[in-house]
Amino acid sequence: MSAERRRRLLGRLLGADGPLLGIERLCHVCVDTTGSDGASIMLFHDGASRGSLCATDGLGALLEEVQFTLGEGPGIDACRDDRPVAEPDLAAPAAPRWIAFTPSAVAAGARAVFGFPIRVGGVVLGALQVSRDRRGPLTDDQHADALVLADMAAEIMLLLQAGASPGELAVELEQGANLHAVVHQASGMASVQMGVSVDHALVRLRAHAFRTSIPLVDIARRVVERTLRFSPDGEAAPDGEAAPDGGNGADP
Amino acid sequence: MTSQQTLIAETMVTLADNLVADFDVIDLLTVLADRCVSVLGVSAAGLMLAGPDGTLRVIASSSERMRLLELFELQAEEGPCLESYLSGDAVAQVDLESAMDRWPRFAPEAIASGFRAVHAIPLRLRGEVIGALNLFQDDTRGIDDEGLRAARAFADVATIAILQYRAISRSHELVDQLNTALNRRIVIEQAKGVVAEREHVDMEGAFEALRQHARDHNLRLSDVAAAVVAGSLRPTVASPRLRRPTS
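The model shown is predicted, which means the values in this text are computed figures rather than measured ones.

Cut-offs and rules
Residues numbered from 1 in each chain as written. Chains lettered and ligands numbered in written order. Predicted model: local features only at pLDDT ≥ 70, side-chain atom pairs only at ≥ 80, totals over all residues. Heavy atoms only, no water. Helix = DSSP H or I, 4+ residues; strand = E, 2+ residues; numbered from the N terminus. Rg over C-alpha atoms; globule rule 2.2 N^0.38 Å. Contact = heavy atoms within 4.5 Å. Areas by Shrake-Rupley, 256 points an atom, 1.4 Å probe, with all protein chains shown as cover. Lys, Arg positive; Asp, Glu negative; His and termini not counted. Charge placed at Lys NZ, Arg CZ, Asp CG, Glu CD. Disulfide = S-S within 2.5 Å. Domains from an automatic or database assignment. Buried area = accessible area lost by both parts, 1.4 Å probe. Salt bridge = Lys/Arg side-chain N within 4 Å of Asp/Glu carboxyl O. Polar contact = N/O pair within 3.5 Å; in protein donor to acceptor, adjacent residues only side chain to side chain. Nonpolar A, V, L, I, M, F, W, Y, C, P; charged D, E, K, R; others polar. Buried < 20%, exposed > 50% of the residue type's maximum accessible area, 1.4 Å probe, protein only. UniProt positions renumbered as here; feature names shortened; annotations may be inferred. Core = buried A, V, L, I, M, F, W, Y, C linked by side-chain atoms within 4.5 Å. pLDDT = per-residue confidence, 0-100. Axes fitted to C-alpha atoms, helices over the stretch in contact; angles between N-to-C directions. Parallel < 35°, antiparallel > 145°, perpendicular 65-115°, else oblique.

## Some details on the overall build of chain B
Scanning chain B from terminus to terminus reveals eight helices and five strands. Taken from the N to the C terminus, the helices and strands of chain B come in the order α-α-β-β-α-α-β-α-β-β-α-α-α. Over its C-alpha atoms chain B spans a radius of gyration of 29 Å, topping by over 25% the 18 Å that the globule rule assigns to 247 residues. In terms of overall dimensions, chain B has C-alpha extents of about 95 × 40 × 30 Å along its principal axes. Contacts spanning at least 24 positions in sequence make up 59% of the contacts within chain B whose residues lie at least 6 apart. Carbon and sulfur atoms form 50% of the exposed surface of chain B, whose accessible area is close to 12300 Å². Charge-centre separation for chain B: the mean point of 25 positive side chains lies 12 Å from the mean point of 35 negative side chains.

## A look at the state of the cysteines
By the definition in use, this model includes one disulfide over all chains. C27 of chain A supplies the cysteine sulfur nearest to C79 of chain A, a cysteine that is in no disulfide, at a spacing of 14 Å. No disulfide involves C81 of chain B; its sulfur sits 12 Å from the nearest other cysteine sulfur, which is in C36 of chain B.

## Concerning the domain arrangement of chain A
Residue and element names in this part refer to chain A. Partitioning chain A into domains gives domain 1 (2-174) and domain 2 (181-238). Computed from C-alpha coordinates alone, the two centres of domain 1 and domain 2 are separated by 28 Å. A buried area of about 580 Å², summed over both sides, lies between domain 1 and domain 2, and 67% of it is on carbon and sulfur atoms. The largest contributions to the domain 1 side of the interface with domain 2 come from E65, F68 and T69, which together make up 76% of the buried area. Here domain 1 is connected to domain 2 by zero salt bridges. There are three residue pairs in polar contact (both at pLDDT 80 or more) connecting domain 1 and domain 2. Each residue belonging to the side of domain 1 that touches domain 2 can be placed in one class, and the counts come to three nonpolar, two polar and one charged.

## Description of the side chain of E73 of chain B
Residues and elements named next belong to chain B. Looking at the element boundaries, E73 is found in helix α3 (residues 64-76). The side chain of E73 sits in the buried core without any salt bridge; R102 is the nearest counter-charge, 10 Å away. Ignoring anything within four residues of it in the chain, the contact list for E73 reads M48, E78, G79, P80, C81, L82, F106 and N134.

## Comments concerning the UniProt feature "domain: GAF" (unreviewed entry) in chain B
Mapped onto this numbering, the UniProt entry annotates "domain: GAF" (unreviewed entry) at residues 24-172 of chain B. A distance of 16 Å separates the end C-alpha atoms of residues 24-172 of chain B, which is 48% helix and 25% strand.

## Points about the nonpolar core
The biggest cluster of nonpolar side chains holds 43 residues, and the ones touching the most others in it are L26, I41, I118, L128, M157 and L173 of chain A. Listing elements by their share of this core, those giving two or more residues are α1 (2-14), α2 (24-33), β1 (38-45), β2 (48-55), β4 (112-120), β5 (123-132) and α6 (140-161) of chain A together with α6 (145-199) of chain B. In terms of residues, this core owes the most to one element, α6 of chain A, which gives 11 residues. In contact with I118 of chain A, not counting residues within four places along its chain, are I41, V123, V124, L125, G126, A127, L128, A150, A153, A154 and M157 of chain A.

## Re the interface of chain B and chain A
In this assembly, 28 residues from chain B lie in contact with 32 residues from chain A. Counting each side, the surface lost to burial between chain B and chain A is near 2700 Å², with a carbon and sulfur contribution of 64%. Looking only at chain B, the three residues that lose the most surface to chain A are L178, L182 and E197 of chain B, adding up to 23% of its buried area. One can count four salt bridges joining chain B with chain A. In this structure, the salt-bridge partner of R229 of chain A is E197 of chain B, at a minimum N-O distance of 3.1 Å. Per-element tally for the side of chain B that touches chain A: the top contributor is α6 of chain B, with 22 residues. Looking at the side of chain B that touches chain A, its residues break down into 11 nonpolar, eight polar and nine charged.

## Things to note about the confidence of the model for chain B
Mean pLDDT over chain B stands at 87; residues scoring 70 or higher make up 92%. Per-element averaging of pLDDT across chain B places helix α1 (residues 3-17) of chain B at the bottom with 74 and helix α8 (residues 221-230) of chain B at the top with 95.

## Details of the environment of V31 of chain B
All names here are of chain B. Counting through the fold element by element, V31 comes out in helix α2 (residues 25-40). Among the residues examined, V31 registers a relative accessible area of 22% and is labelled partly exposed. For the pair formed by V31 and S62, sequence separation is 31 residues and the distance between their alpha carbons is 8.8 Å.

## Topic: the UniProt feature "domain: ANTAR" (unreviewed entry) in chain A
Sequence positions flagged by UniProt for "domain: ANTAR" (unreviewed entry) are, in local numbering, residues 169-224 of chain A. Along residues 169-224 of chain A one finds 75% helix and 0% strand; the C-alpha atoms at either end are 24 Å apart.

## Overview of the side chain of E189 of chain B
Relative to the assigned elements, E189 of chain B resides in helix α6. The buried category is assigned to E189 of chain B, whose relative accessible area is 11%. A polar atom in the side chain of E189 of chain B sits 3.0 Å from the side chain of K192 of chain B. With near-sequence residues (within four places) excluded, E189 of chain B lies in contact with A181, H184 and Q185 of chain A.

## A look at the packing of helix α8 (residues 181-194) of chain A against helix α9 (residues 198-212) of chain A
Residue and element names in this part refer to chain A. It is at 8 Å that the axes of α8 and α9 come closest, and there the two elements cross at 105°. Viewed along their axes, α8 and α9 adopt a mutual orientation that is roughly perpendicular. On the side of α8, the interface is formed by V183, A186, S187, G188, A190, S191 and M194, while α9 contributes V198, A201, L202, R204 and L205. The residue makeup of the contact of α8 with α9, split by class, is eight nonpolar, three polar and one charged.

## A few points about the confidence of the model for chain A
The predicted model of chain A has a mean per-residue pLDDT of 87, with 89% of residues at 70 or higher. Note on residues 241-252 of chain A: pLDDT is under 50 here. Beyond four places in sequence and across chains, it has 17 contacts.

## Some words on the environment of R67 of chain B
Residues and elements named next belong to chain B. Its place among the elements puts R67 in helix α3. Under the relative-accessibility criterion, R67 is labelled partly exposed at 35%. Along the sequence, R67 and N134 sit 67 residues apart, while their C-alpha atoms lie 11 Å from each other. In contact with R67, other than residues within four places in its own chain, are V58 and S61.

See the structure below:
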C-alpha cells in the first residue's frame, strides 16, 4: 500500500520530463495531489527558516515569505515540534495561534495551511508547506500523500547533495531556491550602520518589517539600494529621496 | 526450550537492544564475540570488519589470545577469516592439524596458541560482505547444527545493524554538509553587506574585495567572510573602478 503510494508519486515526480529528478517539481506534484493552491519546501536550521528550495507561484511563494519575515507559521512549527501541523480554518481557528503569521496569511488569501516535517533519521531538514484559498481539512489520502512527498523530498535532497562539491550547495538544489541573499546583505550593511552584530541587525530588520507591515525582503532591498538606513539607536530613516521599488527585483 | 535455545533467544534480545540508543559498532561486536563463547560453547570468538579500503581489521575478540592470533592472521595474509571474507562463504569446521598445507603459516601459530579447530562465517547481506566472524575451539568436538545456525543468525543481525548504522551516518554527514553550505552562503552575503557599507561599494565590488583578499592570502572565501562579519578583518577595496561614487 505504502509502496504503491510511493511508486505512484515517484512516477508523477519524474513525469514527462524524463528521468531528471528535481526538487522543484515536488511542490507542483504536491499542489496537484493534495488539491491545494500553493506549496513550498522550507529549509530549517538552528531553529530558524533559511529560505526555500522551491515554492509554487502565488500562495506558495507568498506564505514562504510571510513565514521567513515573521519567523512563525505552520512550516516552522512542523520543524520545531517535528510533527505534521494543520490549520484547516485559518480565518476562524478553533484555538488562536501564530499571532503575526495568521493575519498576514489570511490577507494573502490563505484559508487553510498545513506543514509536514522533512526529516532524515532524527534530524529535521525543513518542512513541506501546503496552503489553500478555501477552508477545510486534507482528506486522509491527501494527508498520506503529503507525508510520503515530505519523505521523498528528504531523499531527493540528500541524493542531490551527495553530488555537490565540498562546502557547496548542490547546483540542482540551488536552481529553484530562494535563500533570501538580499536579507543577509542588508543585515551586514545595517550591522555597520547600527554598530551591532549581524544577528542583532537581522532582529532589527525583522522588527521594522513587522512594525511597518512591509515584507522583510522589501525592507532588505531598500537597505541594499541605500534608500533606507538605520541609525545607531536602531531607528530607520529614508536615505535619499528615491522611492523604493520593492516588488519586482530578484535576489542577486 | 532447551537452555541453549533460551540463551540464543536472550542473545538476540541483547543484540537488538544494542541497536537502539547510542549504537556503537565495537560494543555490539564485543557483545557478539562474548555471546558466541557463552552460548555456542566455543573457546574463543573474534570479529573482523573491512575498512573503507577493503582491508580487514580486528574489531572485537573474546580473549587476548584470540586477538593476537587474529592480528597474526592478517599479517600472514592467510586463515579462515580472510578466506570467508574473500569468498563470502562459511569456512566449515576445519581441523587445524590437517590444515598445514592450506595455511602453512597460520595453522602452526593457531595450534601453538592452544587451538585445535576453526570455523568462520562471513558478515554478509545479499552480495555485500563487510567482514567475518571467527570461532575457535580448543578441541575437535565441533559445533552442532543448532549452534551453527545460531552463529549464522548472530552474524546476520550484526551485519544488518552495521549496514544500517553506516547508511544513517552517511545521511547525517550529508545533512551536515548541506547545512554547512547554507551557513557559508549566509556568512558570505552578510560579509558583502558589511564591506559594501564600510567601503561605499556595491555588492559586486564588495564580493570582489572579499575574493581578492582570499586569493592574496590563500584563504577560503568563507573564512574571510566569517572574519569580516566578526569584525576582525577589513579587506581593502583594491580597484578604484569598483568604488561607488559617494553622494
